[in-house]
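# Survey of secondary and tertiary structure
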Amino acid sequence: MSAPQPTTLSDRIQQIPRHYVYLLLAGVVVWQLLFPIRLPITPSVPTRGVYQAIAAVPDDKLIVITTDWDASTQAETGPQTQSIIHACFQNKKKFVIMNLQPPMGVKLANDLAQEAAKEYGAAYGVDWANWGYKYGYENVLMALAKNIPNAIGDDFYGTPVAELPIMEGVTDIHQVGLVVIVTGLSAMTEMWIGLIQGPYKTPLAAAYTAVMAPIYYPYLDSDQLKGMLVGAKGAAELEVMVDRPGKAVAIMNVQSWAHVLIVALILLGNLGYLFARGRTGGRQP
Amino acid sequence: MWFSRLLQRLFPPAPTPAALYLYLAFALAGSIVLIVALHRLLGPRGRRWLIVFVTFIAGLFFGLEYFYPVHGDPEKNFLTDWIEPVSVMLTVVGALTVGLGIYSLFQVHGRALAQRRPGWHNSLAFFLATFAMLVFGLWEHYLHLPQPPPDVLPWPKVVYEILFNGLFAPLQAATFSLLAFYIASAAYRAFRVRTGEATLMMAAAFIVMLGQVPFGAWLTSFIPADSPAAFFRLEMLGEWVLRWLNTPAQRGIIFGIAVGALAMSLRIWLSLERGTFFSEQS
Amino acid sequence: MSPDLFILWAAAIATLGIYTILYRENPISRLFEHIFVGLSAGYLIVATWALNLEGKWWNPMIHDRKWYWIFAPIVGALFYFIYSRRLSWLARLVMGLFFGVGAGTFFRQFFPLFAPQITACFKPLDYQAGMGFQSFLFEIVLHHWIFAIILFTVLSYFFFSLPHEGRFGRGLGRSALLGRWFLMIAFGAMFGNTVMARISLFIGRMQFLLQDWLGSIIPWFAGRGL
């Protein structure tokens, strides 16, 4: 039995067929991608915190970038990871990529790091490395805190990490100067804070998808996180800070108008609702 | 520690490759005998008590190591040196559960294929995709390409890249990008200001949505950044909502979750829970 | 034909194939969904073996001759008895092990994770010496007072031990009502961020389709918007 056809203006305003909504959204995105109206992006305080945390790492310590994301959040976490890698290279900080879940993240992040390494003349195994996907969640972190070579085993390419030049002198968590969590999964941050940042006072920064970010503001407030990138916005702000405007900046140009469309659609729906309520004397459910 | 010396004496590495296979065979045989013996000798009550005991000891090990006083330099107690080897062992044991999900998938799609159910060709596509990724993924791994990779890649690596970057990643990205359409449609159809609370929620959503994007910052850019009224610039207002209105609310939720999770962890550790896993199946 | 072109076209066809579902459910999108699940299963096996089991289990056991690593797959194999009704207690045994580990690790994490959350609740609520009126208004009133009020009312909303009756109970009830209003603000902020996240995912895909794929065919599209 099909839904009754809208008859009044207020009903028609509230029941625009969904395919038209989809076309409107696609149209706005395509329009702005092809003819962008570029507006300035100013880095926010949480984003500056991430950059400052990276710059403050002592030269003899390692940065661990955990890329706990996959293609489902690639539009946000990909540019975040890329701009963090640029910040590490520009500040001449050695870093490693690793991943607790899902497995895809290390390959995607590896491709980004390889591309950036070409630009800075960085060598794999010397300036950066990829520890790979390590299954085990808390067990990996507890082992990593005590003995990194044993906890990690082989790197992404099958080489024992102890044989990599970047790992010289790196035995346990005390040689790690910063952990940057880039993730679209909840519960990862709590593990890192509870097992690494809290007991060993290892500085922690994070980059989240925009969905998750509001949940982690309390950890920013308590200084358990030194800084936080919020979705594509945070990625765009860090791209501006490292002077590599790229995909995230382009996304934010488009995002503005998509948000205006969503706001307009919600207002339109509510306008129809209020008209209908007024017509029925406030008895509309 | 005497216990670690005893273990090193009991489990030294095998001296030769032949001895290794002998030790492996004996260990495997001994384990099977132990499991069969446990299954035959323990009744339902005995099995339950064994499960309770194992659960308790597992939790006790990690909890006790954290709370037991430490001494020396580096600071540690009698359990600290065991955290790393036990944790590594557990990661290996846990990694073997990958087969559980794979087995379920193979069962469902295998049945559909064998019985030629409607849509069986999709199940065939599933199997082809699984084995293609398995074969070329392992092949690529064992190529041990140098870093950085050469300009001309071997053909198994090319096929692997096509499977990964040409199919796997884009399919996942596209599937999740559909959510944009669904949230636009859902927001338009369902978000109605029927109550004061809904109005408040909508107002907060609008402030955050516009404050997070450059357009919102541009809208209120006429307000000087260094004046007291800068608070009303949309990006400042959005940040204020997230930092000072959202944060205490989320923290209240965190406290509730913390207490609940602690209670739940205690109940699980002490095997006080009832349910499908915790009770014997009939 | 370069492999990059194969990858580009495969990705474009896969993306458009999934997008056909926006019109309606159809065989093309279902086929691509099954291909995705298959690739995901295959990759999981590859990553688990190549990045975990080979380095941490197989090499120590076979190359370093540490034979006791055989016990790891034996314990791990117990999980698979879940499929046997008679022997499923063995699966519950190893699940109990991991539940115990989870509980134990949560006890370890509890204080480092939540104690700073408690201490961070205490913010100065009074006038600090040397503070101007503007600082007092923005830092203390608009930030710290509001923080404290919202935290208290939200906590009272989740406090179910006392009924909302009697003079104290009614006060608690009003506080809980206020807490619910503040929670609505937090949920509105979460909704706003959720919209941002979802739209970003679609923009990312359109960037690929327009700039990378169409840009390889019609140069005008390449680099647009970047």
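Residues numbered from 1 in each chain as written. Chains lettered and ligands numbered in written order. Predicted model: local features only at pLDDT ≥ 70, side-chain atom pairs only at ≥ 80, totals over all residues.

## Considerations on the overall build of chain C
Across its full length, chain C carries six helices and zero strands. Traced from its N-terminal end to its C-terminal end, chain C shows the element sequence α-α-α-α-α-α. Relative to a compact globule of 226 residues, whose C-alpha radius of gyration would be 17 Å, chain C shows 29 Å and is clearly more extended. Along the first, second and third principal axes, the C-alpha set of chain C runs to 70 × 60 × 45 Å. For chain C, the residues scored as buried account for 42% of the 226 residues in total. The long-range fraction of contacts in chain C, counting pairs at least 24 apart against all pairs at least 6 apart in sequence, stands at 23%. (Helix = DSSP H or I, 4+ residues; strand = E, 2+ residues; numbered from the N terminus. Rg over C-alpha atoms; globule rule 2.2 N^0.38 Å. Buried ≥ 20, exposed ≤ 12 C-beta atoms within 10 Å, placed from the backbone. Contact = placed C-beta atoms within 7 Å.)

## Topic: the interface of chain A and chain B
Chain A puts 50 residues into the contact, and the matching count from chain B is 45 residues. For the side of chain A that touches chain B, the secondary structure elements donating two or more residues are α2 (18-34), α5 (104-120), α6 (138-146), α7 (148-152), α9 (213-221) and α11 (247-279) of chain A. Residue composition of the side of chain A that touches chain B, grouped by class: 27 nonpolar, 17 polar and six charged. (Nonpolar A, V, L, I, M, F, W, Y, C, P; charged D, E, K, R; others polar.)

## Structural notes on the sheet that holds strand β4 (residues 176-183) of chain A
All names here are of chain A. Spatial strand order, β3-β2-β1-β4-β5-β6: six strands in an open sheet with parallel pairing. In the strand order of this sheet, the two ends are held by β3 (128-133) and β6 (228-230), each with one partner. Strand-to-strand, the axes of this sheet are offset by a mean angle of 15°, without reference to chain direction. When strand β1 (residues 62-68) meets β4, the two strands line up parallel, connected through seven bridges. The residue bridging L62 from the neighbouring strand is V176, located in β4. Strand contacts of helix α8 (residues 188-200): β1, β4 and β5 (204-208), with the helix running at about 165° to β4, the strand carrying the most contacts. (Pairing = 2+ DSSP bridges. Axes fitted to C-alpha atoms, helices over the stretch in contact; angles between N-to-C directions.)

## Concerning the nonpolar core
One finds V180, W192, A206, Y216 and M228 of chain A together with L163 of chain B to be the most contacted residues of the largest nonpolar core, which totals 219 residues. Residues contacting A206 of chain A, with those up to four places away along its chain left out, are V180, I181, T189, Y216, L225 and M228 of chain A. (Core = buried A, V, L, I, M, F, W, Y, C linked by C-beta atoms within 7 Å.)

## Some words on the pairing of β3 of chain A
All names here are of chain A. Here β3 lies mainly inside the structure; six of its six residues are buried. Pairing between strand β2 (residues 95-99) and β3: five bridges, direction parallel. When the sheet's bridge partners are listed, V96 is paired in β3 with A129.

## Overview of the domain arrangement of chain A
Along its sequence, chain A is organised into domain 1 (16-39 + 250-279) and domain 2 (45-246). A separation of 35 Å is found between the C-alpha centroids of domain 1 of chain A and domain 2 of chain A. (Domains from an automatic or database assignment.)

## Details of the domain arrangement of chain C
How big an interface is tends to be expressed through the accessible area that disappears when the partners come together. Residue and element names in this part refer to chain C. Looking at chain C, the domain boundaries give domain 1 (1-65), domain 2 (78-120) and domain 3 (126-226). The C-alpha centroid of domain 3 is placed 36 Å from the C-alpha centroid of domain 1. In terms of residue class, the side of domain 1 that touches domain 3 is made up of three nonpolar, one polar and no charged.

## Some details on the packing of helix α1 (residues 3-19) of chain C against helix α2 (residues 27-63) of chain C
Residues and elements named next belong to chain C. Two numbers describe how α1 lies on α2: the axes approach to 7 Å, and their chain directions differ by 125°. Compared by their axis directions, α1 and α2 come out oblique. Considering the relative orientation of α1 and α2, their crossing is left-handed. Between α1 and α2, the residues in contact are A14, G17 and I18 and I28, S29 and F32, respectively. Looking at the contact of α1 with α2 residue by residue, the classes come out as four nonpolar, two polar and no charged. (Parallel < 35°, antiparallel > 145°, perpendicular 65-115°, else oblique. Left-handed = near helix turned anticlockwise from the far one by under 90°.)

## Thoughts on α8 of chain A
An α-helical turn contains 3.6 residues, so a residue and the one three or four places further along point in the same direction. An ideal rise of 1.5 Å per residue puts 18 Å on 13 residues; α8 of chain A measures up with 17 Å between its terminal C-alpha atoms. By the largest-angle criterion, G194 of chain A marks the main kink of α8 of chain A, which is about 35°. With 11 of its 13 residues buried, α8 of chain A lies for the most part within the structure. When we look at burial in α8 of chain A, the residues that qualify are M188, T189, E190, M191, W192, I193, G194, L195, I196, Q197 and G198 of chain A. On its buried face, α8 of chain A is in contact with β1, α6, β4, β5 and α9 of chain A together with α4 (88-119) of chain C. One or two residues past the end of α8 of chain A sits K201 of chain A, with phi positive at roughly 60°. (Expected span 1.5 Å × (residues − 1). Bend = angle between axes of the 7 residues up to and from the residue.)

## Some thoughts on α2 of chain C
Taken as a whole, α2 of chain C carries its principal kink of about 65° at L53 of chain C. With its phi angle positive at about 60°, R65 of chain C sits one or two positions after the end of α2 of chain C.

## Regarding the environment of I215 of chain A
Positionally, I215 of chain A belongs in helix α9. Excluding residues that lie within four positions of it along the chain, I215 of chain A makes contacts with S186 of chain A together with Q250 of chain B.

## Here we look at the interface of chain C and chain B
Facing 104 residues of chain C, the contacting portion of chain B comprises 111 residues. Every element with two or more residues in the side of chain C that touches chain B is listed here: α1, α2, α3 (71-77), α4, α5 (133-157) and α6 (166-217) of chain C. Residues that form the side of chain C that touches chain B fall into these classes: 72 nonpolar, 21 polar and 11 charged.

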